[in-house]
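# Residue-level structure breakdown
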Amino acid sequence: METKIEAIIEDLSLVRKTNPLVHNITNYVVMNNTANALLAIGASPIMAHAEEEVEEMVSICSSLVINIGTLSEPWTKAMVKAIIKAKNIQKPIILDPVGAGASTLRNQTIKRLLDAASPSVIRGNASEIISTLSSSGKTKGVDSIHSSESAIESGKKLSEIIQGTVVISGATDYIIQRDQTRKVSNGDPMMTKVTGLGCTATALIGAFAAVQKDTLRASLSAMAVMGIAGEMAKMKAEGPGSFQMHFLDALYQIGADEIRTRFKE
Amino acid sequence: METKIEAIIEDLSLVRKTNPLVHNITNYVVMNNTANALLAIGASPIMAHAEEEVEEMVSICSSLVINIGTLSEPWTKAMVKAIIKAKNIQKPIILDPVGAGASTLRNQTIKRLLDAASPSVIRGNASEIISTLSSSGKTKGVDSIHSSESAIESGKKLSEIIQGTVVISGATDYIIQRDQTRKVSNGDPMMTKVTGLGCTATALIGAFAAVQKDTLRASLSAMAVMGIAGEMAKMKAEGPGSFQMHFLDALYQIGADEIRTRFKE
Amino acid sequence: METKIEAIIEDLSLVRKTNPLVHNITNYVVMNNTANALLAIGASPIMAHAEEEVEEMVSICSSLVINIGTLSEPWTKAMVKAIIKAKNIQKPIILDPVGAGASTLRNQTIKRLLDAASPSVIRGNASEIISTLSSSGKTKGVDSIHSSESAIESGKKLSEIIQGTVVISGATDYIIQRDQTRKVSNGDPMMTKVTGLGCTATALIGAFAAVQKDTLRASLSAMAVMGIAGEMAKMKAEGPGSFQMHFLDALYQIGADEIRTRFKE
């Protein structure tokens with residue numbers, strides 16, 4: 001516990017010292033919030049999606065965040081190109097399979113993205129992780145009851161397939177790397193009443209993975225910071241509108257004290 | 001008056017109990033706010049616009065909201081497809097003809113959308129309702145003086161044509177279904193200083209129409225909730241920035257008390 | 001100094017009296033904030049990017065703001081069309097070359113836009129102004145050390161080339177028109193922690209240029225209002241989340257008193 005806490009504090013400090021440039025190809029709904037969350041935590045966002053320039057953008061950035069929230073073919077093409085480039089130059093790739101399982105297009109797109117190159121980290125809710133495993137084409141059948149437990153099993157298999165980290169968001173977050181599992185129990189139910197906080201979590205993983213090569217550790221740090229900032233915001237919020245504002249302030253304010261006092265496995 | 005108030009309270013309660021999934025094909029400017037407003041009131045937003053998946057998305061949602069704010073051909077194609085699907089499986093369709101009359105493209109697009117299938121509800125300001133009637137191609141000539149009164153006449157005709165409900169937003173909102181007209185006089189002028197609150201109103205109608213089949217009643221409930229939340233926000237706001245935040249909080253907080261105290265016809 | 005202060009006050013008053021319609025073809029990340037900033041200051045935003053309608057939109061607006069933040073070919077085509085139309089009917093054109101120098105596509109696009117017609121005002125940070133000068137194709141070599149001083153020289157040359165105004169944003173803003181240079185030293189470092197405040201500055205120049213033909217003066221007024229509103233916001237903010245909210249409130253509240261007390265050259 002102590003070691004984990006000090007690791008989170010160290011990683012946060014690294015993000016703030018190095019201000020990593022994070023390239024986001026993400027959805028329209030959350031772009032503004034994602035950019036603001038990255039700035040608040042001390043990173044710098046780039047948002048660019050034209051096929052003609054994504055490779056150059058990947059080159060100048062320290063990590064790549066791919067989010068399929070508002071999918072369409074020209075964006076998918078750019079995502080594939082960016083992923084291949086990032087893999088080639090060994091930049092961490094973080095995938096957020098928003099709405100996995102909700103449509104054939106989403107499932108096919110996830111397969112295309114996974115086939116392009118294995119992401120370093122995949123983050124989603126239980127249902128998205130289960131559907132992503134199914135879309136990977138390397139397993140058959142999906143438990144229709146999307147309990148946390150069945151998501152953990154899927155998360156482990158998915159982690160094996162991508163040889164990377166899988167994060168299952170929820171009341172308790174599970175951060176899985178093959179046979180290792182970490183937990184973060186911070187956060188607040190109000191976070192489900194603000195759009196795109198899952199997407200923000202994915203972007204923060206991008207910021208932490210940009211400075212911390214151990215993606216299991218980077219993901220744990222990012223999820224802990226998310227959850228603790230959520231608790232800090234909740235103390236001042238009167239509803240989801242003010243929660244969203246206080247959450248950005250909390251990402252800016254959070255320090256060693258809050259992490260030491262609040263981190264819960 | 002009493003009956004209307006109790007209907008609004010009942011409909012709001014239904015939205016919160018059933019958490020309807022609302023599919024939005026809307027404009028870039030307001031996506032974040034719209035999603036947050038739907039979450040704050042107790043509904044769940046889906047935002048997806050790829051032609052390849054809109055039919056599947058319509059299938060899993062309880063209503064469809066179409067908003068032409070930042071129009072382009074690929075989006076229009078997806079809108080047409082989604083509308084036809086929604087009509088076929090009898091899901092309510094809510095149309096927001098943003099900027100109707102401002103360009104030939106907008107007028108033509110509105111005609112295409114109306115030709116695809118009649119929406120259950122159209123919501124716009126006076127000028128947009130008049131222009132939409134004109135674009136429907138089923139009437140000639142538009143009064144160039146866009147007074148509320150001339151919009152009411154247009155609203156009635158438009159309601160006849162679509163065999164549905166027409167909502168004219170303004171200082172007083174008129175909710176029209178053929179020969180029936182309801183009024184909501186709640187709200188605050190500050191609402192015109194925040195972008196996309198008209199779009200939010202349309203999305204809330206989508207949430208209410210998802211749980212209340214009587215679209216005249218659902219539209220009245222949604223407009224009343226909008227206006228009362230606006231009044232609640234105004235009490236705490238120091239300008240349009242804080243207004244926007246308090247407005248989302250108010251959508252989350254509003255209950256029977258506020259509706260009973262504040263509803264004005 | 002006195003004369004400048006009175007000019008700023010007069011221009012702000014003009015914006016609020018005439019509520020100019022400002023046409024924005026801008027990036028996805030900032031659309032909502034840009035629209036809200038324009039509303040807060042007293043202008044009205046239009047956001048439309050379809051090639052089929054941009055000319056009509058330019059016709060009904062008082063100025064055109066072009067921002068290449070989230071670039072793609074269909075948008076560039078619409079930008080070129082809108083710029084040519086605005087030039088033909090003598091509406092002011094404000095260009096924000098976001099990320100100039102970061103990719104070949106950006107540099108080529110800037111050249112295409114400058115070739116379509118010279119903007120009335122270009123606003124960017126030091127690095128963007130230097131890269132824009134380079135992209136104009138009318139100079140060779142770019143100083144790789146992007147100090148304010150080298151940006152001023154580039155700004156002067158760029159101003160000569162476009163026969164217009166160049167604004168270099170930074171801790172001190174430089175507003176340049178050929179051999180004339182003005183300075184604004186207002187603002188707060190927190191402004192760099194909120195996404196898109198540079199884009200907001202460009203949009204505000206659009207609002208001021210819509211009512212004030214002297215673009216050197218209009219740009220100075222806009223940058224002064226930006227910086228002073230930033231200082232007002234900082235006094236109440238606890239982080240970048242609340243800063244953003246208070247900033248919009250400040251744009252709404254700012255008046256002659258704040259400008260007289262705070263304006264710094």
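By the naming in an unreviewed UniProt entry, chain A is Hydroxyethylthiazole kinase, taken from Leptospira ryugenii. Heading Catalytic activity (unreviewed entry) of the UniProt record for chain A holds this comment: "5-(2-hydroxyethyl)-4-methylthiazole + ATP = 4-methyl-5-(2-phosphooxyethyl)-thiazole + ADP + H(+)". The annotation that UniProt attaches to chain A under Pathway (unreviewed entry) is "Cofactor biosynthesis; thiamine diphosphate biosynthesis; 4-methyl-5-(2-phosphoethyl)-thiazole from 5-(2-hydroxyethyl)-4-methylthiazole: step 1/1."

### Remarks on the packing of helix α1 (residues 2-18) of chain C against helix α9 (residues 215-236) of chain C
All names here are of chain C. Close contact between α1 and α9 brings their axes to 9 Å; oriented N to C, the two are set at 85°. By the angle between their axes, α1 is roughly perpendicular relative to α9. Residues Lys4, Ala7, Ile8, Glu10 and Asp11 of α1 lie in contact with α9, whose contacting residues are Arg217, Ala218, Leu220, Ser221, Ala224 and Val225. Taken together, the residues of the contact of α1 with α9 sort by class into six nonpolar, one polar and four charged.

### Section: the sheet that holds strand β8 (residues 180-184) of chain B
Residues and elements named next belong to chain B. Taken in spatial order, the eight strands make up an open sheet running β2-β1-β3-β4-β5-β6-β7-β8, and their pairing is mixed. Edge positions in the sheet fall to β2 (44-47) and β8, since each has one partner strand and no second. Each strand axis lies, on average, 20° off the axis of its neighbour in the sheet, ignoring direction. Contacting β1 (21-25), β3 (63-67), β4 (93-96), β5 (121-125) and β6 (165-169), helix α8 (residues 197-211) crosses the sheet at an angle of about 170° to β4.

### Considerations on the relation of the copies chain A and chain B
Here chain A sits on chain B after a turn of 120° about the axis and a move of 0.0 Å along it, with an RMSD of 0.0 Å. Overall, the copies show the geometry of a three-fold rotation axis. When each C-alpha of chain A is compared by its distance to the rotation axis, Tyr28 of chain A comes out closest, at 3.8 Å. An asymmetric contact is evident, with only 8% of the interface residues of chain A recurring at the interface of chain B.

### A short note on the interface of chain B and chain C
Between chain B and chain C, the contact holds 26 residues from the first and 24 residues from the second. Counting each side, the surface lost to burial between chain B and chain C is near 2,100 Å², with a carbon and sulfur contribution of 57%. Contact with chain C buries surface across chain B, with Tyr28, Lys193 and Glu238 of chain B losing the most and accounting together for 27% of the total. Inspection of the chain B/chain C interface yields two salt bridges. Where Arg106 of chain B meets Glu53 of chain C, a salt bridge forms, and the shortest distance between an N and an O atom there is 2.7 Å. Counting across the chain B and chain C interface gives 12 residue pairs in polar contact (both at pLDDT 80 or more).

### A short note on the UniProt feature "binding site: substrate" (unreviewed entry) in chain A
Sites flagged by UniProt as "binding site: substrate" (unreviewed entry) map to Met47 and Gly196 of chain A. Secondary-structure assignment places Met47 of chain A in strand β2 (residues 44-47). When neighbours within four sequence positions are excluded, Met47 of chain A is seen to be in contact with Asn24, Thr26, Met31, Thr34 and Ala35 of chain A together with Val29, Gly69, Thr70 and Arg106 of chain C. Relative to the elements of secondary structure, Gly196 of chain A occurs in the loop between β8 (180-184) and α8 (197-211). Its relative accessible area of 13% is what places Gly196 of chain A among the buried residues.

### Focus on the environment of Pro189 of chain C
Position of Pro189 of chain C among the secondary structure elements: in the loop between β8 (180-184) and α8 (197-211). Residues Pro189 of chain C and Arg178 of chain C lie 11 residues apart in sequence; the distance between their C-alpha atoms is 28 Å.

### Let's talk about the pattern of salt bridges
Residues and elements named next belong to chain A. Applying the stated criterion to the full structure yields 42 salt bridges over all chains. Asp11 serves as the salt-bridge partner of Arg217, at 2.9 Å between the closest nitrogen and oxygen. Highlighted residues: Arg217 in helix α9 (residues 215-236) and Asp11 in helix α1 (residues 2-18), separated in sequence by 206 residues. With relative accessibility at 23%, the residue Arg217 sits in the partly exposed group. Put simply, Asp188 and Lys234 hold a salt bridge, and the shortest N to O gap is 3.6 Å. Note that Asp188 is positioned in the loop between β8 and α8 and Lys234 in helix α9, a separation of 46 residues in sequence. By relative accessible area, which is 33% here, Lys234 ends up partly exposed.

### A few points about the UniProt feature "binding site: ATP" (unreviewed entry) in chain A
Residue and element names in this part refer to chain A. Sites flagged by UniProt as "binding site: ATP" (unreviewed entry) map to Arg123 and Ser169. Their sequence span is 47 residues, while the largest C-alpha to C-alpha distance among them is just 7.2 Å; these annotated residues converge on one region. Position of Arg123 among the secondary structure elements: in strand β5 (residues 121-125). The exposure class assigned to Arg123 is buried, which follows from its relative accessible area of 5%. Setting aside residues no more than four positions away along its own chain, Arg123 makes contact with Leu95, Asp96, Pro97, Ile129, Val167, Ser169, Gly198, Cys199, Ala201, Thr202, Ile205 and Met223. Relative to the assigned elements, Ser169 resides in strand β6 (residues 165-169). Here Ser169 is in contact with Arg123, Gly124, Asn125, Ala126 and Met223, once residues within four sequence places are set aside.

Conventions adopted
Numbering of residues starts from 1 in each chain and follows the order in which that chain's sequence is written. Note on labels: chains are lettered from A, ligands numbered from 1, in written order. The model is predicted, so local features are restricted to residues of pLDDT at least 70 and side-chain atom pairs to those at 80 or more, both for listing and for counting; the totals for chains, interfaces and linings are taken over all residues. As a convention, hydrogens and water are excluded, and side-chain values are obtained from all of the structure's heavy atoms. UniProt positions are given in the numbering used here, feature names are shortened, and annotations may be inferred rather than shown by experiment. Axis angles are defined between N-to-C directions and span 0 to 180 degrees, where every axis is a line fitted to C-alpha atoms and, for a helix, only to the segment in contact. To qualify as a helix, a DSSP run of H or I must reach at least 4 residues; to qualify as a strand, a run of E must reach at least 2; elements of each kind are numbered from the N terminus. Every angle not falling under 35 degrees, over 145, or within 65 to 115 is termed oblique; those three ranges are roughly parallel, roughly antiparallel and roughly perpendicular. Residue contacts follow a heavy-atom distance rule, with two residues in contact if any of their heavy atoms lie within 4.5 Å. Amino acids are sorted into nonpolar (Ala, Val, Leu, Ile, Met, Phe, Trp, Tyr, Cys and Pro), charged (Asp, Glu, Lys and Arg) and polar (every other residue, Gly among them). DSSP calls a pair of strands paired once it identifies at least 2 bridges connecting them. We superpose the copies by least squares over the C-alpha atoms of residues that have a pLDDT of at least 70 in both of them. Summed over both partners, the accessible area (1.4 Å probe) lost when two parts come together is defined as the buried area. Between Lys or Arg on one side and Asp or Glu on the other, a salt bridge is scored when a side-chain nitrogen of the former is within 4 Å of a carboxyl oxygen of the latter. Definition of a polar contact: a pair of N or O atoms within 3.5 Å, with one able to donate and the other able to accept a hydrogen when the atoms are protein atoms, and with sequence-neighbouring residues admitted only if both atoms are side-chain atoms. Note on classification: 1.4 Å probe, protein chains only; a residue is buried when its accessible area is under 20% of the maximum for its type, exposed when over 50%, partly exposed between these limits.

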